[in-house]
Amino acid sequence: MVQIWLVELLKGTGKLFLHPVLYYLVFLSGILGVMRVKRERKNFHVRAQDAYFELRQLFPLGFILGLILSIIIIAAGVVVPFAAILFTAGLTILLSLTTNIRWMSPAYTVGTAFFAVVLFAQNNWTIPFFKKAFTSISDMVYPSIVFVLGLLVIAEGILILKNGTKGTSPKLAKSKRGQVIGVHEVKRLWMVPLFLLIPGEALQLPFDWWPVFHLGAERYSLVFVPFAIGFHQQIKGNLPPVAIERYGRQVITLGIMITLIAIAGYWYPIVSIIVAALAVIGRETLALMAYLKDDNRPFYFSKKNNGLMIIGIIPESPAEKMGLKVGEIITKINGISLKNEKTFYEALQKNRAHCKLDVLDTNGEIRFVQRVLFEGDHHELGILFVQDQRKYEKGA
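Notes on the structure follow. (Residues numbered from 1 in each chain as written. Predicted model: local features only at pLDDT ≥ 70, side-chain atom pairs only at ≥ 80, totals over all residues. Heavy atoms only, no water.)

## A closer look at the overall build of the chain
When its secondary structure is counted, the chain shows 11 helices and 10 strands. Sorting the 396 residues of the chain into buried and exposed places 52% on the buried side. Pairs at least 24 apart in sequence give 74% of the contacts found in the chain among residues at least 6 apart. Split by element, the accessible area of the chain, about 18700 Å² in all, is 62% carbon and sulfur. (Helix = DSSP H or I, 4+ residues; strand = E, 2+ residues; numbered from the N terminus. Buried < 20%, exposed > 50% of the residue type's maximum accessible area, 1.4 Å probe, protein only. Contact = heavy atoms within 4.5 Å. Areas by Shrake-Rupley, 256 points an atom, 1.4 Å probe, with all protein chains shown as cover.)

Take a look at the structure:
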């Protein structure tokens, strides 16, 4: 029995590399990185993170979460029909074509796949070349899909909370009143691969009660399935970590609620339909609430009379080594009060060997930062400011 499990585990892992979503997410992450670098250079003449930053965020944390959720799913004996996996993959690619990354949230992809499975099951429909995928569909599989959906939404919230705050991208925009303001944007793709039990092939039931719903089948196989999670948020009224972390906690709460209610669907299948609808509506409500709350706040990144506000820090630059943070205001450099970016660099050139800054931090307290500059240091310290002369987006 153990040997069979190991063989199925290896076979299931190998199937990950046959799944088109894996390669599609790598491609999309690369595109997101290139587009971000192009926009940052348009706004600031320099990019913040390199073009491979989004690609590096695609796997690590998502793999860890995927393995943890896989253990929960397999231990609970949750069986998912291959039709649901097929629909989720198709919807992931289809919704990505809207160019709105957040539509690739599992609430939309898996949630819509759930309703597609119900519709096809009720009408005995099939898809050419995939007729076998629809033979295992029955009422008993509906709860398993929304249970997996709830776990994926929890994973989405954790990824937003832990990874979404990294490397948010600064950009310039023009407000409705024509004022140039700073905005922080995060567009991120993550992949959460799950080991899922599907009906057919080699694995037998080790216990009569496992899996919980075995669909009348006696054998199962393990498949390592990549699930996409897309996240997009634009912040103009707060510090990015504050807004993104609050959003992440809200998504986690939604995921926990979906998962707990989904369990009731094992006894009352109609609950599964309610839960799937709740996932879609709830996720969209959170996105709308985040937008409205941010839109009602005054602009956080805008020109200040008492100095220059930092909208971005280039990684590995002197500014990062000096401990400067996004959202802080530089009031003086080498004792000279600042009016604009030109004044800043003129004062810096007067004493190239040493840089002393008076900084107003995000708590409104003054601190002093200084550093000896060396040959080879970034000629502009690596600080990005909000200034009129930069090219900006059409609106905010």
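## Focus: the packing of aromatic side chains
One pass over the full model with this rule turns up 11 aromatic pairs. Ring plane angle 15° and centroid distance 6.1 Å describe the contact between Trp190 and Phe231, whose orientation is recorded as stacked. Taken together, the residues Trp190 in strand β2 (residues 180-204) and Phe231 in strand β3 (residues 219-235) connect sequence positions 41 residues apart. The exposure class assigned to Phe231 is buried, which follows from its relative accessible area of 1%. Site record: aromatic cluster; members linked through ring pairs are Phe59, Phe63, Phe195 and Phe224. If you follow Arg102 out to its NZ or CZ, it ends over the ring of Trp103, 4.9 Å from the centre. The ring of Phe368 carries the charged tip of Lys356 above its face, separated from the ring centre by 5.9 Å. (Phe/Tyr/Trp six-rings, centres within 6.5 Å; stacked < 30°, edge-to-face > 60°. Lys NZ or Arg CZ within 6 Å of the ring centre and 35° of its normal.)

## Looking at the pattern of salt bridges
Applying the stated rule across the entire model yields nine salt bridges. Glu284 is paired through a salt bridge with Arg102; the nearest N and O atoms lie 2.9 Å apart. Of the two residues, Glu284 is situated in helix α9 (residues 270-295) and Arg102 in the loop between α5 (82-96) and α6 (106-123); the sequence distance between them amounts to 182 residues. On the basis of relative accessibility, which here comes to 17%, the residue Arg102 falls in the buried class. (Salt bridge = Lys/Arg side-chain N within 4 Å of Asp/Glu carboxyl O.)

## Structural notes on the nonpolar core
Of all hydrophobic cores here, the largest spans 57 residues; its most connected members are Val148, Leu194 and Leu196. Mapped by element, the contributors of at least two residues to this core are α4 (60-75), α5, α6, α7 (142-163), β2, β3, α8 (240-264) and α9. No other element matches the 13 residues that α7 contributes to this core. Setting aside residues no more than four positions away along its own chain, Val148 makes contact with Ile73, Val78, Val80, Leu194 and Leu196. (Core = buried A, V, L, I, M, F, W, Y, C linked by side-chain atoms within 4.5 Å.)

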